[in-house]
Amino acid sequence: EAPQPKPAADPAPAPLPPQPNARVEEDEELRNILDTAADGIITLDTSGQIRSFSAGAEAIFGYRIAEVIDKPLATLLAPDSRRVLRDYLSALQGPGLAAVFNDGREVTAIVKQGGVVPLFLTIGRLHSTRENSAAFCAVLRDITQWKRTEAELREAKDAAEQASKQK
């Protein structure tokens, strides 16, 4: 019997070309997506310190990300809104239904240019497995126009009631 030829060894796989860091590309793509939103999108750590600040947030507050990174979000809010933020974050960290029945809060921002802006704030808890990652995502919408319309409707209603009383 003739000896059987040995099967040829599989050639070593060719080394893969160097791949760009997929995480960096994903982060950059997500940042670009978030920056298209007019709303301010801010990520926070568990103590409420700013981890990221979208272009929309920069437009609302007038600050560049480098000016606010690692600072408490509370410093950008009026004193009465700081308490609202603290209570909101506290409720989201504790047990219970706060995250399920998350209806947002009205807060007032103190903007860099001076003055205040009414905002609608919604915060969601993030469940990331990455170390040193954000714990919360805050979405802030400027409600100045809504507040102006609300005031105009109230004034029109009051004027109509006064006119009706005078008849």
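Relevant structure appears above.
Residues numbered from 1 in each chain as written. Predicted model: local features only at pLDDT ≥ 70, side-chain atom pairs only at ≥ 80, totals over all residues. Heavy atoms only, no water.

Student: Even after reading the chapter, I still don't get the overall build of the protein chain, so can you show me in this structure?
Tutor: Assigned secondary structure in the protein chain consists of five helices and five strands. Going from the N terminus to the C terminus, the protein chain shows its helices and strands as α-β-β-α-α-α-β-β-β-α. Surface summary for the protein chain: the accessible area is close to 11,700 Å², and the carbon and sulfur share equals 56%. (Helix = DSSP H or I, 4+ residues; strand = E, 2+ residues; numbered from the N terminus. Areas by Shrake-Rupley, 256 points an atom, 1.4 Å probe, with all protein chains shown as cover.)

Student: Explanation requested: the sheet that holds strand 5 (residues 136-142) in the structure shown.
Tutor: Strand pairs in the sheet, formed through backbone hydrogen bonds, run parallel or antiparallel to each other. Ordered in space as 2-1-5-4-3, the five strands form an open sheet in which the pairing is antiparallel. Pairing within the sheet leaves two strands with one partner each, and these edge strands are strand 2 (50-53) and strand 3 (105-110). For this sheet the average axis-to-axis angle between neighbouring strands, irrespective of direction, equals 35°. Packed onto the sheet, helix 4 (residues 79-93) meets strand 1 (40-44), strand 3, strand 4 (116-125) and strand 5 and runs at close to 10° relative to strand 4. (Pairing = 2+ DSSP bridges. Axes fitted to C-alpha atoms, helices over the stretch in contact; angles between N-to-C directions. Contact = heavy atoms within 4.5 Å.)

Student: Mind showing me how you'd approach the pattern of salt bridges here?
Tutor: Close approach of charged atoms allows side chains of opposite charge to pair. For the structure shown, the criterion picks out ten salt bridges. Where D39 meets R141, a salt bridge forms, and the shortest distance between an N and an O atom there is 2.8 Å. On the criterion of sequence distance, the pair formed by D39 in the loop between helix 1 (22-34) and strand 1 and R141 in strand 5 is long-range, its members being 102 residues apart. We classify D39 as buried; its relative accessible area is 17%. The partly exposed category is assigned to R141, whose relative accessible area is 47%. The salt bridge partner of K147 is E106, with a shortest N-O separation of 2.7 Å. Placement of K147 in helix 5 (residues 144-166) and of E106 in strand 3 is noted, with a sequence separation of 41 residues between them. Through salt bridges with shared partners, one network takes in E106, K147, E150 and R154. (Salt bridge = Lys/Arg side-chain N within 4 Å of Asp/Glu carboxyl O. Buried < 20%, exposed > 50% of the residue type's maximum accessible area, 1.4 Å probe, protein only.)

Student: Looking at this structure, how should I read the nonpolar core?
Tutor: Note that soluble globular proteins tend to have their nonpolar side chains buried in a common cluster. Counting residues in hydrophobic clusters, the biggest one holds 26 residues, and the most contacted among them are I42, F61 and I123. Apart from the residues within four sequence positions on either side, I123 is in contact with L85, Y88, L89, L92, N102, F136, C137 and A138. (Core = buried A, V, L, I, M, F, W, Y, C linked by side-chain atoms within 4.5 Å.)

Student: Just checking my understanding: could you explain the pairing of strand 2 for this structure?
Tutor: Side-chain direction in a regular strand flips from residue to residue, so the side chains alternate between the two faces of the sheet. Bridge analysis of strand 1 against strand 2 gives three bridges, and the strand direction is antiparallel. Note on strand 2: the bridge partner recorded for L44 is I50.

Student: Got a minute to help me understand the environment of L140 in this structure?
Tutor: With respect to the helices, strands and loops of the structure, L140 is situated in strand 5. Residue classification places L140 among the buried residues on the basis of a relative accessible area of 1%. If we ignore the near neighbours within four places in the chain, the residues touching L140 are D39, G40, I42, I60, F61, V107, L119, F120 and L121.

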